[in-house]
Amino acid sequence: DPRVSQSLARPWIRITLDGYTPPPGTNAYFSLWNTTSGSPPTVWMSTFESGTVNQYYYAEGSHNHMNWGFSALGIHRVRLKASAFAGPGATNPTGFSAVHTLTFAIGPFAQWQATHFTNTELDDLSVCGPDADPDQDGMKNLVEFGFGFDPRSGAATPVFEGLGLPKMSLAE
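What counts, and at which threshold
Residues numbered from 1 in each chain as written. Predicted model: local features only at pLDDT ≥ 70, side-chain atom pairs only at ≥ 80, totals over all residues. Heavy atoms only, no water. Pairing = 2+ DSSP bridges. Helix = DSSP H or I, 4+ residues; strand = E, 2+ residues; numbered from the N terminus. Axes fitted to C-alpha atoms, helices over the stretch in contact; angles between N-to-C directions.

*Asks:* Could you give me a rundown of the sheet that holds strand 4 (residues 55–59), with the residues and numbers involved?
*Replies:* Read across the sheet, 4 strands follow the order 4-1-6-7 without closing on themselves; strand pairing throughout is antiparallel. Each edge of the open sheet carries a strand with a single partner, namely strand 4 and strand 7 (100–106). Ignoring strand direction, the axes of neighbouring strands in this sheet form an average angle of 30 degrees. Here 7 bridges tie strand 6 (residues 74–85) to strand 7, and the two strands are oriented antiparallel to one another. Looking at the pairing, Leu 80 lines up with His 100 of strand 7.

This is the structure in structure tokens:
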């Protein structure tokens, strides 16, 4: 791959983008890139740029820092698979691994959703969406999030001290 700055004769691991699921109802994008001091960023994966190969090459035994970017708030799913070259350079390729899904919760509400719902439930807006009421206590998830309630308890007891519904009183 011309984006690889070194051609060491050692085993390489290739990480391939198998798919991307943006938050429901958005036209969001995902990118993976790294930077080298004094050089422009190297974009390895992008669901926005159609010409990107969407593969990252990692030299066995090396160390690298990557930047993960998302264009919208919400729950993002990035599906990756790996393969390798067991010989020097690009010789003796292996088959692909199983697909591994990484879930990213971008923003406060998405982080709250990821804390309170399973991965399967995060795919179902009728359970985890802002208008859902999974515990059927009359408060939608967005209200439960805003006032610090547990969306599963059905009780109006805030999760942390100082949170909860506004208190009203009559003053003369």
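*Asks:* Describe the sheet that holds strand 5 (residues 67–70), and please don't skip the residues or the numbers.
*Replies:* Two modes of strand pairing occur in sheets, parallel and antiparallel, and in both the strands are linked by backbone hydrogen bonds. Spatially, the 3 strands line up as an open sheet ordered 3-2-5, and their pairing is antiparallel. Each having just a single partner strand, strand 3 (42–46) and strand 5 make up the two edges of the open sheet. When the angles between neighbouring strand axes are averaged without regard to direction, this sheet yields 25 degrees. The pairing of strand 2 (residues 30–34) with strand 3 spans 4 bridges and is classified as antiparallel. Across the sheet, residue Trp 33 finds its bridge partner in strand 3, namely Val 43.

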